[in-house]
Structure formats: C-alpha cells, structure tokens
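# Working through the structure, step by step
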Amino acid sequence: MCHAQLSVLVIDENQIRASIIEAGLRDAGHDQVTLVKDVNGIAQRIGDLEPDVIVIDLENPNRDMLESMFQLSRAVKRPIAMFVDRSDQASIEAAVEAGVSAYVVDGLRQERVKSILDMAISRFNAFSRMERELDAARNELAERKLIERAKGILMRTKGIGEDEAHALLRKTAMNQNRRLSEIAQSLVTASCLLDPES
C-alpha cells in the first residue's frame, strides 16, 4: 500500500481532537504520525520533520490564526488538510487561494480522516502537475522568443533568410552538443555586448 509509509504531521492545540485524528490515521495504516500542540515556531518544526502531509485542526480559528496557517500553506509546498469547526465564504476562498488541499468545515470524524487525507494528497498532486506544466509552457515560450531574436540578429548581420538563420543556429547547436536555446542565448548576449542598440 503506497500511502502507508507517509509521515503525517498533525497540528492541533486540543488533545482530544488530535487523538481522534491520530486514531483515524492509524486505522488507515499511517504509523508515522507526529502531534504538535503549539503552533509557535511551527514552520521550523515542519522544516525539521519534513512531513509528507500536514493535518491542521483549528477548533475556533480567528482571522489571524487562519491567515498564519494560510501563509504556512503557501510556504511548505505539501498537501495540507485543514479541519475547522465553522467558517465563512471569505475563509474558504482564502484557504483555496493559499493552496490548502482539503478544507473541511465541521467534519472531524475518525472514519473520515483517511478519505480526506487521500483527497488532499491527490488534489495537491494534481495542482503540482498543473504548476509544472504551466512552468514548462512558459519556459518553452521564452525559449521560442529567444530563438526568434537570435534568428533576427543573424538575418540582419549576415544578410540571410529566416530558414538559413534557423539552420545555422541548429547546426551550431549540434556541433557544440548544446541546446538550440543555449546557442540563441549566447548569440543574443554577445550581440548586446557588441551592439547595445540591438
């Protein structure tokens, strides 16, 4: 079972509620559970423990408490399941914005902990995959622009057409065993040094 080896950090100031979550996790086969009662210095503790998943249980969270937990969510880049007793629309939206993977209002039941944790992990993974794909698309676009700029420099300085400029870039990249975008970057950098107007 792949999820069995997950280390889970439970942040809860209330011992009784924390034990409900812990029991639910242990029932689901999660043995590596760490309970933390004090939220002060929690970012440091997370850094030390490096948990796979974080479960935060806030009995009656005030605005400041929620905001600091949301800031934590943005910083740690891990699946987070957050249980709260009551909430309003603004807090729910803020939780989603902060990247909380599962935000559960008045739903703390031992038997639900496993399914909520599983959902938090799968949502986090889906979101991470989308972020990676978006980064890859941005990088590809930036590389294309760079190559177009390099082709323009070659066309202007050598008096050649676009196809020839592209072929020359490609040939140079192959000869030097480098990526086309690296050759383009070198050419653009050199051109800026030689001719700051370009």
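Residues take numbers from 1 onward in each chain, read along the sequence in its written order. Confidence filtering applies because this is a predicted model: local features only for residues at pLDDT of at least 70, side-chain atom pairs given and counted only at 80 or more, and all residues used for totals across whole chains, interfaces and linings. Processing note: side-chain calculations cover all non-hydrogen atoms of the structure and skip hydrogens and water entirely.

Quick look at the environment of L146 now. As for its placement among the helices and strands, L146 is situated in helix α5 (residues 113-158). Type-normalised accessible area, obtained with a 1.4 Å probe on protein chains alone, sets the label of each residue: buried when under 20%, exposed when over 50%, and partly exposed for intermediate values. The class of L146 is buried, set by a relative accessible area of 17%. Between the C-alpha atom of L146 and that of S181, which follows or precedes it by 35 residues, the distance is 6.8 Å. Under the scheme used here, helices are H or I runs from DSSP no shorter than 4 residues and strands are E runs no shorter than 2 residues, and both carry numbers assigned from the N terminus.

Below, the discussion takes up helix α1 (residues 15-27). The periodicity of an α-helix, 3.6 residues per turn, causes residues three or four places apart in sequence to face the same way. Here α1 contains 13 residues, and its C-alpha end-to-end distance of 18 Å stays within 8% of the 18 Å for a straight helix at 1.5 Å per residue. Burial in α1 covers these residues: R17, A18, I21, E22, G24 and L25. Burial along α1 is one-sided: seen end-on, the buried residues are contained in an arc of 160°. Exposed and facing more than 90 degrees away from the buried side of α1 are I16 and D27. Each polar contact in these results corresponds to two N or O atoms within 3.5 Å; when the atoms are within protein, one needs to be able to donate a hydrogen and the other to accept it, and residues that are neighboring in sequence are counted only if both atoms are side-chain atoms. Measuring from the side-chain oxygen of the N-cap residue of α1 to the backbone nitrogen of I16 gives 2.9 Å; that N-cap residue is N14. Take the number of residues in a helix, subtract one, and multiply by 1.5 Å to get its expected span. Directions are taken from the helix axis to each C-beta atom, and the arc is the one they span.

Let us look at the pattern of salt bridges. The salt bridge definition used is simple: a Lys or Arg side-chain nitrogen within 4 Å of an Asp or Glu carboxyl oxygen. For the structure shown, the criterion picks out eight salt bridges. With a closest N to O distance of 3.1 Å, E148 and K151 form a salt bridge. Of this pair, E148 and K151 both sit in helix α5, three residues apart, roughly one helical turn. You can call E148 partly exposed: its relative accessible area is 44%. By relative accessible area, which is 7% here, K151 ends up buried.

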